[in-house]
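Overview (structure and organization)
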Amino acid sequence: MSTPSQPRPSDVPRVDSAQIGPDEVPPAEGQKRAISHASANSTSGVDQPTNGNGGSVATASRATVSGANRIGLLRDFYKGSPTTLCAGCGHNAITNHIVKAFYEYGVNPYYLAKMSGIGCSSKAPDYFVSRSHGFNSVHGRMPSVATGAKLANRKLVLVGISGDGDTASIGLGQYCHMIRRNLDMVYICEDNGVYGLTKGQFSATADLGSIQKGGKPNEYETIDICGLAIELGASFVARSFSGDGKQVVPLIQAALAHRGAAVLDIISPCVTFNDHEGSTKSYAYVKEHDIEIQDLDFIPYYENIQADYAEGETADVKLHDGSHVRLRKLAREEHDATSRISAMRVIHEARQKGELLTGLLYVNPKMKDLCELENLPEKPLKDFTEAELRPSRHEFDALMAEFAN
Ligand SMILES: Cc1ncc(C[n+]2csc(CCOP(=O)(O)OP(=O)(O)O)c2C)c(N)n1
Ligand code: SF4
Ligand SMILES: [Mg+2]
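Quick summary incoming for the structure in this document. Quick caveat: nothing in here was measured; it's all calculated off a predicted structure.

Glancing now at the site of ligand 2. In the region of ligand 2, the neighbouring residues are L85, C86, C89, H91, C120, N192, G196, L197, C270, V271, T272 and F273. Per-class residue counts for the shell around ligand 2 are eight nonpolar, four polar and no charged.

In structure tokens form, the structure reads like this:
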């Protein structure tokens, strides 16, 4: 795992997840003053510890430091290197939404592992939260690398950034098994319907009949990665549009609060190779055909939930870390985001009508994730000592006897 500029373990006291706090994150230049100011004024911890997602222990006084989030970090801390993608690329807009979502949620960079494959989209992890872990893997193979990282250290907050080529072509098998295993990660597919990095060939998410830049129509059926994910038993599936930060930001935050594979298919126009007339992934087309299913609100576990709406108008889903996602129905059709059948129905109906349905399509916060299914101990496997792992002579003999029978 490449760790270009993440906080060094020696800078950071090793603590239990229940004690993860802002002091674990060494401040960047320009950040120091906000944090030390916050510490000087700090009085008492107020949050409920939950997981490594930046987890716990914001202090009320830290939040009052101008511009600092609940773990004492300024928004700039969540930025990365300057982008090298084309100006106007949808992937850049998604990066900005990620920075906002992570900053507001208070993701702890020390526990963040940014995973990707190959493609313009897979370069995006370089453009947010520089001081975190990262692994830019092989084309389409990010899910298996992410699985290994999570099994070694279940406290990591995994965020995978993929493309439609990376996910739905070369990486389709990996994508399916990541979902089937319910690997606890936020999986964002920056979906432009083409292989942007290799100059605009159609990908498997291109719609039937969509026209390529050179004029050729796509004659193959599309692979709907949201429909596929739901079919495979995914626990969190959403679709959105890079141009709709109001929807993307709460969806990313809900995905962070969810335990299990959280798939976000974000339509992200490629302005260089797929933004012309006849394309169904151009800005103009998506803006015109985007139908939002719900008005979405994310209420983090550390904020009070206030009922603003009349009963029946909204659906409230409680997520694993105690946060809530509040869904106020907007679309013409009724959709119950906790029903797989309803999700499959609205996806198929929208495709038939040529509409792009966006919002939270399906969520099941009760499913076990891979670490639970494999009965992993709470303590990360990487932290076990050799002495703890070595069986006693008696246990070893019993094991050998089992094989002999
Ligand atoms: C094993 C392998 N096969 C093929 C390639 C060539 N290649 C690089 S990126 C890419 C497709 C990228 O498309 P996508 O994942 O949609 O990302 P985008 O560039 O559109 O964001 C391909 C086919 C490669 N790098 N490695
Ligand atoms: S080629 Fe397309 S996908 Fe790649 S950076 Fe440019 S606009 Fe974005
Ligand atoms: Mg693509």
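Let's pick the thread back up.
Let's shift gears to the site of ligand 1. Not every one of the 18 residues close to ligand 1 is listed here, only the nearest: G119, S121, G163, G165 and G196. Counting residues per element, the ones that place at least two in the shell around ligand 1 are α4 (120–123), α6 (164–168) and β5 (194–195). Sort the elements by how many residues they give to the shell around ligand 1 and α6 lands first, with three residues. When its residues are assigned to classes, the shell around ligand 1 shows six nonpolar, nine polar and three charged.

If you check helix α3 (residues 90–105), its first and last C-alpha atoms are 22 Å apart, about what 16 residues at 1.5 Å a residue would give, namely 22 Å. Where burial is concerned, most of α3 is hidden: 12 out of the 16 residues are buried. By the burial criterion, the buried members of α3 are G90, H91, A93, I94, T95, H97, I98, V99, A101, F102, Y103 and Y105. Buried-residue contacts for α3 involve α4, β4 (185–191), α9 (245–257) and β8 (261–267). One or two residues past the end of α3 sits G106, with phi positive at roughly 80°.

With that settled, the discussion passes to the packing of helix α5 (residues 142–152) against helix α7 (residues 172–180). In the contact formed by α5 and α7, the axes pass within 8 Å of each other and the chain directions differ by 35°. Counted together, P143, S144 and T147 of α5 and Q174, Y175, H177 and M178 of α7 form the full contact between these two elements. Tallied by class, the residues present in the contact of α5 with α7 amount to three nonpolar, four polar and no charged.

With that settled, the discussion passes to the pairing of strand β7 (residues 236–241). The element β7 is largely enclosed, with a buried count of six among its six residues. Burial of β7 is two-sided: the residues F236, A238 and S240 facing one way and the residues V237, R239 and F241 facing the other way are all buried. Judged from the six bridges that link them, β7 and β8 form a sheet pairing that is parallel. Bridged to V237 within β8 is V263. Handedness of the crossover joining β7 and β8 through α9 is recorded here as right-handed.

This part is about the nonpolar core. Core analysis: the largest hydrophobic core is formed by 89 residues, its most contacted members being V237 and V263. When we break this core down by domain, the ones giving at least three residues each are domain 1 (9–75) and domain 2 (82–363). Filtering out sequence-adjacent residues up to four positions away, V263 remains in contact with I179, Y187, C226, A229, A234, F236 and V237. Ranked by size, the runner-up nonpolar core spans nine residues in total, among them Y195, A206, C270 and F273.

Bringing the sheet that holds β8 into the picture now. A sheet is described by the order of its strands in space; here eight strands give the open sequence β2-β1-β3-β4-β8-β7-β13-β9, paired in mixed fashion. On the outer flanks of this sheet lie β2 (133–136) and β9 (290–292), each paired with one strand and no other. The average undirected angle you get between the axes of adjacent strands in this sheet is 20°. Where β9 and strand β13 (residues 356–363) come together, three bridges link them in parallel fashion. When the sheet's bridge partners are listed, D290 is paired in β13 with L356.

Here the focus is the pairing of strand β12 (residues 324–329). Examined bridge by bridge, strand β10 (residues 294–299) and β12 share six bridges and lie antiparallel to one another. Bridged to F298 within β12 is V325. As defined by bridge partners, strand β11 (residues 314–318) adjoins β12 across five bridges and the pair is classed as antiparallel. Looking at the pairing, T314 lines up with R328 of β12. A loop of five residues connects β11 with β12, the two strands running antiparallel in sequence, and G322 in this loop sits at a positive phi of about 95°.

Attention now goes to α7. For α7, the complete set of buried residues consists of Q174, Y175, M178 and I179. Projected onto a plane normal to the axis of α7, the buried residues spread over an arc of 135° and lie on a single side. Directly beyond the C-terminal end of α7, a positive phi value near 50° is found at N182.

Strand order in the open sheet formed by three strands is β10-β12-β11, with antiparallel pairing between adjacent strands. Each edge of the open sheet is held by one strand with a lone partner, namely β10 and β11. Averaged over all pairs of adjacent strands, the angle between their axes in this sheet comes to 20°, without regard to strand direction. On the sheet, α9 packs against β10 and β12 and is oriented at approximately 50° with respect to β10.

What counts as what
Residues numbered from 1 in each chain as written. Chains lettered and ligands numbered in written order. Predicted model: local features only at pLDDT ≥ 70, side-chain atom pairs only at ≥ 80, totals over all residues. Near = placed C-beta within 6 Å. Nonpolar A, V, L, I, M, F, W, Y, C, P; charged D, E, K, R; others polar. Helix = DSSP H or I, 4+ residues; strand = E, 2+ residues; numbered from the N terminus. Expected span 1.5 Å × (residues − 1). Buried ≥ 20, exposed ≤ 12 C-beta atoms within 10 Å, placed from the backbone. Contact = placed C-beta atoms within 7 Å. Axes fitted to C-alpha atoms, helices over the stretch in contact; angles between N-to-C directions. Pairing = 2+ DSSP bridges. Right-handed = clockwise from strand over helix to strand, strands pointing away. Core = buried A, V, L, I, M, F, W, Y, C linked by C-beta atoms within 7 Å. Domains from an automatic or database assignment. Arc of directions from axis to C-beta.

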